[in-house]
Number of protein chains: 2
Amino acid sequence: MNQPYRPNQTGKMFFRSSSSQQNNPRRPSPRRGYFNRAPENLGEKTEHSKTPQQNCLRIIPLGGLGEVGRNMTVIEWRDYERDDRDILIIDAGVRFPEEDMPGIDLLIPNIKYLEDKTDKISGLVFTHGHFDHIGALPYMLEKLRNPMIYAAPLTRGLIIKRHEEFKHLPKLAIDEIKNGDKRKIGIFEIEFIHINHSIPDDMALLIKTPVGRIMCTSDFKFDHNPVIDKPAEIDRLKKIGQDGLLLLMSDSTGAEEPGHSISESDIQVNLENLIKNAPGRVIVGMFASAINRVQQIIAISEKHGRKVVVEGFSMKAAVEVSKVLGYIKTKKGTLISAGESNKYPDDKITILGTGGQGEENAVLMRLATHRHKQLELKKGDTIIFSSSIIPGNERTIQHLKDNLLRHGVKVYNYKMLDIHAGGHGHQDDLEYMLDLVKPKFLMPVHGQLSMLYAMKDLGLKMGLAETNIAVVENGQVVRLTQDSMTIDKKPVPSEMVMVDGLGVGDVGSVVLRDRQMLAEDGMFVVVAVVNSRTGRVQGSPDIISRGFIYLRDNKQMLSDARTIIRRVVEKTTAGEHPFNDVLVKEEIKEKLGQFLFQKTHRRPMVLPVLIAV
Amino acid sequence: MNQPYRPNQTGKMFFRSSSSQQNNPRRPSPRRGYFNRAPENLGEKTEHSKTPQQNCLRIIPLGGLGEVGRNMTVIEWRDYERDDRDILIIDAGVRFPEEDMPGIDLLIPNIKYLEDKTDKISGLVFTHGHFDHIGALPYMLEKLRNPMIYAAPLTRGLIIKRHEEFKHLPKLAIDEIKNGDKRKIGIFEIEFIHINHSIPDDMALLIKTPVGRIMCTSDFKFDHNPVIDKPAEIDRLKKIGQDGLLLLMSDSTGAEEPGHSISESDIQVNLENLIKNAPGRVIVGMFASAINRVQQIIAISEKHGRKVVVEGFSMKAAVEVSKVLGYIKTKKGTLISAGESNKYPDDKITILGTGGQGEENAVLMRLATHRHKQLELKKGDTIIFSSSIIPGNERTIQHLKDNLLRHGVKVYNYKMLDIHAGGHGHQDDLEYMLDLVKPKFLMPVHGQLSMLYAMKDLGLKMGLAETNIAVVENGQVVRLTQDSMTIDKKPVPSEMVMVDGLGVGDVGSVVLRDRQMLAEDGMFVVVAVVNSRTGRVQGSPDIISRGFIYLRDNKQMLSDARTIIRRVVEKTTAGEHPFNDVLVKEEIKEKLGQFLFQKTHRRPMVLPVLIAV
């Protein structure tokens, strides 16, 4: 079903010479400082010591595999003869932290592998404008040395909007592309193919490489009746299959869901019925990034004579960018401010806000907890959650829902009615894609491991051999030639990089483990002043404890703890002048830890400080 | 549709005189120390100051409303003329902590309201043996002064089994009841009515009170084809409706789910197909408390010649109790140990284990992470998650699933096949119950607020007036007479009580908030030795920081912090002898906090210690 791509026959491939940068008219001239670096080691040491290797394409996922979010993939042409390489990067997304990562703001991909190869990066291509595909750019832009970016108009608009929040960063160089465009990016030639998702301007990528053509689907679904969007380019996809595709990197997020994903227009009827029949205000909680849905709700509201209030920072930003670019169209006077909304009858108002995931400071939660400056919930309001639940947010959303209900409002969610369509194709859609593009090799991408395995099962079902499907994890290197796909034994660095406040990557496993321990049982700091001559404790040791036990109710325990400290110090220092500070601290930790555990069955972090006088 | 109960006409009610304890043959004689207390104030002060109130039934949920779990309800007959009361308690369950309660083991109901009324407690009735209904007993037994307990055989067995873990507690007094039994408990007469759930011996309670008959459904579903159980007593329920029911307290957990809940026997076929066709070992992860399911899987395994390994502490305990009481029946030789299982062919082995919620130390997680002593996963194993996901556990279960898949095993869950049936009736079942027992008043119980409101909607749909339905929250007091149901303005204490290690209720909001703060950004302890005469800092201040930033990589920040400390101390103490310790500490907190935030955008807890020398 597949004709391997033969570069010598087609003659279309652009083979990069060592001076290819000058040969590529679309490639921007090197930016200041781009080559201003020490000469670097291009080859991995292990490779040099082995027998000559075959030139190949190396596909290295740096994020998005075994997780939902943080998508980033490196496509690298490795020329072992010339000891050269050419790197294309696809997406640079963020992910939200897990419950056991307190204080962390965001998770981003690990780009250590790229840091000594930045002059080999020919471009950074964004498939679409969701944060799990664009959000990490500001945190790695400088380390990547501000590479040339390729993005469709809305994607570009959202990238630039976000970039405004990072004043210290250099200006971005973005080449705006549209459906059907082709770009030579280094040794690669990329064709951008329109496909459906929950945001306009989603692009699948067809990439010509020296070993053959590979395709990245981007996050996708097939929507034959999309809202403010066109259906995917089915004929183009079919042609790709006919011409022969070496590898498909397919979105796997929906691979565990049976059937077809529903169309945005299918939910139109339900949304419209709810909005039309609502006795008072309608408040819709949703993702700001679901631009199509935003447009849909504005259009329905206009049809039924409702003014629309757009609330929340990210919702306002998304609507602003989308309006400027024409992806959201409103009649004059439709959009009003929250303050103005009180001048209209309740049944003439729709409020569009963020917070469908129960976010603490988003519009819905502020309304639920009386923290919104202009708006107060009241009986008669209808609240629509027009989004699915991100796994892990279930309890928070339940609390939000319960808090909303206390106001006497009506709450609707996608479990009660089809008022949300996901952005990812289900099993039947994924099979359809396989059938259209007929790849020789399959690499499931985007999703938890269970989703990747489910995608593998779909590939097997569609007739691919097990050896032609690579389920890999972040950091693993897939080595592709015209007729083989193998996985390198040695992965590249892929540990999660955490963003916390201004710090990027400075919270590592040690700091995180300490936070977890502090959270579990708190801490118990002991400050003892010790006479370095006699080894005796002077005065009463200071104890500072937080998160362990309520000290005022446990005076006896504190007093016993002081006795133990004194005894341990004096026993350990006996005859030792000067005494061994480390040893004394270790003894305090152990003995005091034992005592506190025995009394409470808790293990606070015991931290002794000795002041020798 | 309802005939209010008229005690004078039926003559069946047991009215308690002031010496009713002696009149009740089933009531145990007072235990040692039972009356050995100071005389107590029976009436609330606020009541005395008002006009005489009408005698009434007070229903006070202490847990289980606005949450799933921690079920406990107080039924109190309040005789204002005699200034007396009679208290019946239903259930005493636990709930698992939320993500923002680090270190907490369990949440239990707040029984402060009962603490000065223990001699008025006539009995504690358990509806069934799940931990969210029985688990809190050990933590409140002594405070409740070891009341008489009423429980069906399996419930009793599970209560006693758990009680064995609490060696210091007194022996329990349990009256074993069975379907159809009646008991006079104080002023109340209770009839126990068999109903279906995911554990045998679940009992709905019909309670005769001086104002009329009220019914608690317990957690329930209707299962017309249950496994090792009988269908619910439909005729008995119908008769209750015919005779007139004043109030129904209905399980609401399934009130948001459309249709009927599926029968345990419906999932039999799917489970059997999976087990029959599995090429190797079958490993089932599930709740130990779903006794019916355990029996079902053992029976299927026996049918297909598989030996069964029972793994995990709680699973072993549940099987042990259920076997002794005859709720689980096995052929001789079916149950083998994990060690023995390696002697049999893989396709002759079923392993029954806990851990379907991704619990860290349960069987499935130990298998997934190579931490099980006798068993190792291998390709060919089939893993069945035969349980639903408790909200909040989604991510943990996803990690578990991904970890399992890395072993090359096959994983099935209830989303892929009907291999799990919940224990709670859905909307159609709940409506059916309303139709059977035809209550005058409805009080939704058991579940999140959204579930209680959904139950209210079902009541409205079935023709109840809105004023006859009370959606209340924990601690609110429902006041019931023959013809009215009102909610008191003043609730009783209902704040969550947290169990952490040996402490019950000693972790309050202060300790918890400290844990959350420590988890977010860690802490920064500063120890400065200050010359009390000159106000100068001696030597270099000690800094102990955890969970904030990796100190070794931030030496400059540490050095700057020391400079700030020194400057703040010396400025604040200038001319002050002796210096104001509190003021200096406040200044350090503020100035150092500002500095650290500016450098990192994090807010560690800054804790200064001053040692005056």
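Model, not experiment: these values are computed from the prediction.

**Student:** Sorry if this is basic, but what is going on with the confidence of the model for chain A here?
**Tutor:** Do not read the predicted coordinates in detail wherever pLDDT is low. Residue and element names in this part refer to chain A. Here chain A averages 89 in pLDDT, while 91% of its residues score no lower than 70. Predicted confidence for residues 1-49 stays below pLDDT 50, and this span has 104 contacts to residues more than four positions away or in other chains. ipTM for the predicted complex: 0.82, alongside a pTM of 0.85.

**Student:** Could you clarify how one ought to interpret the interface of chain B and chain A in this entry?
**Tutor:** Buried accessible area, meaning the area lost when the parts come together, often serves as the stated size of an interface. At the interface, 64 residues of chain B touch 64 residues of chain A. Here chain B and chain A share an interface that buries about 5,300 Å² over both sides, 55% of which is from carbon and sulfur atoms. Our count for the chain B to chain A interface comes out at twelve salt bridges. With a closest N to O distance of 2.5 Å, Glu473(B) and Arg406(A) form a salt bridge. Where chain B packs against chain A, one counts 24 residue pairs in polar contact (both at pLDDT 80 or more). Only α13 (394-405), α15 (449-461), α16 (509-521), β24 (523-530), β25 (537-546), α18 (581-600) and β26 (605-612) of chain B provide two or more residues apiece to the side of chain B that touches chain A. A total of eight residues in the side of chain B that touches chain A trace back to one element, the largest contributor, which is α16(B).

**Student:** What is the right way to read the relation of the copies chain B and chain A from this model?
**Tutor:** Two copies of one chain are present, and they are related through a rotation about an axis combined with an axial shift. Screw-axis analysis of chain B against chain A gives a translation of 0.0 Å along the axis, an RMSD of 0.1 Å, and a rotation angle of 180 degrees. Here the symmetry operator amounts to a two-fold rotation axis. For chain B, the residue whose C-alpha comes nearest the rotation axis is Ala519(B), separated from it by 2.5 Å.

**Student:** Mind showing me how you'd approach helix α8 (residues 234-243) of chain A here?
**Tutor:** Because an α-helix packs 3.6 residues into every turn, residues spaced three or four apart end up facing the same way. Residues and elements named next belong to chain A. Listing the buried residues of α8 in full gives Ile-234, Leu-237, Ile-240 and Gly-241. Viewed end-on, α8 has its buried residues packed into an arc of 120 degrees, placing them on one side of the element. The exposed residues of α8 that point more than 90 degrees off its buried face are Asp-235 and Gln-242. Tucked inside the fold, the buried residues of α8 contact β9 (188-194), β10 (203-209), β11 (212-216), β12 (245-251) and α15 (427-437).

**Student:** It is not clear to me how the nonpolar core should be interpreted in this structure. Could you clarify?
**Tutor:** Judged by nonpolar contacts, the single largest core of 63 residues is most densely connected at Met72(B), Leu114(B), Phe126(B) and Leu352(B). Ranked by the residues each element gives to this core, the list is headed by helix α9 (residues 291-303) of chain B, at five residues. Looking at which domains feed residues into this core, each of domain 1 (56-261 + 422-489) and domain 2 (264-413) of chain B supplies at least three. Core analysis: the next-biggest nonpolar cluster, separate from the first, contains 62 residues, Ile134(A), Ile159(A), Ala421(A) and Val499(A) among them.

**Student:** Sorry, what's going on with the domain arrangement of chain A here?
**Tutor:** Residue and element names in this part refer to chain A. Here chain A is partitioned into domain 1 (56-261 + 422-489), domain 2 (264-413) and domain 3 (505-612). With centres defined by C-alpha atoms, the gap from domain 1 to domain 3 works out at 52 Å. Facing five residues of domain 1, the contacting portion of domain 3 comprises four residues. Taken over both partners, the interface formed by domain 1 and domain 3 buries close to 330 Å², and the fraction arising from carbon and sulfur atoms is 66%. For domain 1, the biggest contributors to the area lost against domain 3 are Asp-100, Pro-102 and Ile-104; these three give 84% of the whole.

**Student:** How do you make sense of the sheet that holds β25(B) when you look at a structure like this?
**Tutor:** Hydrogen bonds between backbone groups are what pair the strands of a sheet, and the pairing can be parallel or antiparallel. Residue and element names in this part refer to chain B. One open sheet holds the three strands; their spatial order is β25-β24-β26, and the pairing between them is mixed. Of all strands in the sheet, those bounded by a partner on one side alone are β25 and β26. Adjacent strand axes in the sheet meet at a mean angle of 15 degrees when their direction is disregarded. Direction of pairing for β24 relative to β26: parallel, over a ladder of eight bridges. Note on β26: the bridge partner recorded for Phe-524 is Val-606. The strands touched by α18 within the sheet are β24 and β26, with β26 carrying the most contacts at an inclination of about 140 degrees.

**Student:** What exactly am I supposed to notice about the sheet that holds strand β24 (residues 523-530) of chain A here?
**Tutor:** Residue and element names in this part refer to chain A. The strand order across the open sheet formed by three strands is β25-β24-β26, and the pairing between neighbours is mixed. Because the sheet does not close on itself, it has two edges, and the strands there are β25 (537-546) and β26 (605-612). Ignoring which end each strand starts from, the neighbouring axes of this sheet average 15 degrees apart.

**Student:** Got a minute to help me understand the side chain of Arg95(B) in this structure?
**Tutor:** Residue and element names in this part refer to chain B. Tracing the backbone through its elements, the reader meets Arg-95 in the loop between β3 (84-90) and β4 (106-108). Overall, Arg-95 belongs to the buried group, its relative accessible area being 10%. In terms of polar contacts, Arg-95 uses its side chain to reach the side chain of Glu-67, at 2.6 Å. At 3.0 Å, the side chain of Arg-95 and the side chain of Glu-98 are in polar contact. Dropping the residues within four chain positions of it, Arg-95 is found in contact with Glu-67, Val-68, Gly-69, Arg-70, Leu-106, Leu-107 and Met-496.

**Student:** What am I meant to see in the pairing of strand β19 (residues 439-445) of chain B here?
**Tutor:** Side-chain positions along a regular strand alternate between the two faces of the sheet. All names here are of chain B. For β19, the tally of buried residues reaches seven of seven residues, placing the bulk of the element in the interior. Sheet topology places strand β12 (residues 245-251) next to β19; six bridges connect them, and they run parallel. Of the residues in β19, the one forming a bridge with Leu-245 is Pro-439.

**Student:** Would you take a moment to explain the pattern of salt bridges for this structure?
**Tutor:** Note that side chains of opposite charge can pair when their charged atoms are close. Within the structure shown, the criterion is met by 85 salt bridges over all chains. In this structure, Arg213(B) engages Asp243(B) in a salt bridge whose closest nitrogen and oxygen atoms are separated by 4.0 Å. Placement of the pair is Arg213(B) in strand β11 (residues 212-216) and Asp243(B) in helix α7 (residues 234-243), with a sequence separation of 30 residues. By relative accessible area, Asp243(B) is classed as partly exposed at 33%. Of the charged contacts in the structure, one is a salt bridge between Lys589(B) and Glu586(B), with a shortest N-O distance of 3.9 Å. Of this pair, Lys589(B) and Glu586(B) are both found in helix α18, three residues apart, which corresponds to roughly one turn of the helix. Given the relative accessible area of 35%, Lys589(B) is considered partly exposed. Among the ionic contacts, a cluster of salt bridges with common partners joins Arg58(A), Glu76(A), Arg85(A), Arg479(A) and Asp488(A).

**Student:** I would appreciate a short explanation of unusual backbone geometry in the present structure.
**Tutor:** Only a minority of non-glycine residues have a phi that is not negative, and only a minority of peptide bonds are not trans. Even without a glycine there, the phi angle at Asp201(A) is positive, about 65 degrees. Tracing the chain through its elements places Asp201(A) in the loop between β9 and β10.

**Student:** Looking at this model, I keep getting lost on the packing of aromatic side chains. Mind explaining?
**Tutor:** Scanning the model with the defined rule gives eight aromatic pairs over all chains in all. Ring centres of Tyr139(A) and Phe166(A) lie 5.5 Å apart, and the angle between their planes is 85 degrees; this geometry places the pair in the edge-to-face category. Taken as a pair, Tyr139(A) in helix α6 (residues 137-140) and Phe166(A) in the loop between α7 (153-163) and β7 (174-176) lie far apart in primary sequence, 27 residues in all. Taking relative accessible area as the criterion, Phe166(A) reaches 15% and is therefore assigned buried. Taken together, the ring pairs connect Phe220(A), Phe222(A) and Tyr432(A) into an aromatic cluster. Against the face of Tyr113(B) rests Lys117(B), its NZ or CZ located 3.7 Å from the ring centre. Sitting over the face of the ring of Phe597(B), Arg603(B) holds its NZ or CZ atom 4.0 Å from the ring centroid.

What counts and what doesn't
Sequence order sets the numbering: in each chain, residues are counted from 1 along the sequence as written. For naming, the first written chain is A and the first written ligand is 1, with later ones following in the order written. Per-residue local features are limited, in this predicted model, to residues with pLDDT of at least 70; the limit for side-chain atom pairs, both in listing and counting, is 80 or more; totals at the level of whole chains, interfaces and linings are taken over all residues. Side-chain descriptors were evaluated using all non-hydrogen atoms of the structure, hydrogens and water having been removed beforehand. A score from 0 to 100, pLDDT tells how confident the predictor is in each residue. The criterion used for residue contact is that any of the two residues' heavy atoms lie within 4.5 Å. By buried area we mean how much accessible surface two parts lose on assembly, using a 1.4 Å probe and totalling the loss over both. A side-chain nitrogen of Lys or Arg and a carboxyl oxygen of Asp or Glu constitute a salt bridge if their distance falls within 4 Å. Here a polar contact means two N or O atoms within 3.5 Å. Within protein one must be a hydrogen donor candidate and the other an acceptor candidate, and residues neighboring in sequence count only if both atoms are side-chain atoms. We count a stretch as a helix when DSSP gives it H or I for four or more residues in a row; a strand needs E for two or more, and each element gets its number in order from the N terminus. When the copies are superposed, the least-squares fit draws on C-alpha atoms of residues that have pLDDT of at least 70 in both. Accessibility here uses a 1.4 Å probe with only protein chains present; expressed as a share of the type maximum, an area under 20% marks a residue as buried, one over 50% as exposed, and anything in between as partly exposed. Picture the helix axis, draw a direction to every C-beta atom, and the arc is the one those directions span. Take the buried Ala, Val, Leu, Ile, Met, Phe, Trp, Tyr and Cys residues and link them wherever side-chain atoms come within 4.5 Å; each set so joined is a nonpolar core. Domain boundaries shown here were taken from an automatic or database domain assignment. What makes two strands pair is DSSP finding at least two bridges between them. Think of each axis as a best-fit line through the C-alpha atoms, taken over the contacting stretch in the case of a helix, with angles from 0 to 180 degrees between the N-to-C directions. Two aromatic rings, drawn from Phe, Tyr or Trp (for Trp, its six-membered ring), form a pair once their centres lie within 6.5 Å of each other, and the interplanar angle then sorts them: stacked below 30 degrees, edge-to-face above 60, tilted otherwise. Ring-over charges, as used throughout, are those where CZ of Arg or NZ of Lys falls within 6 Å of the ring centre and within 35 degrees of the ring normal.

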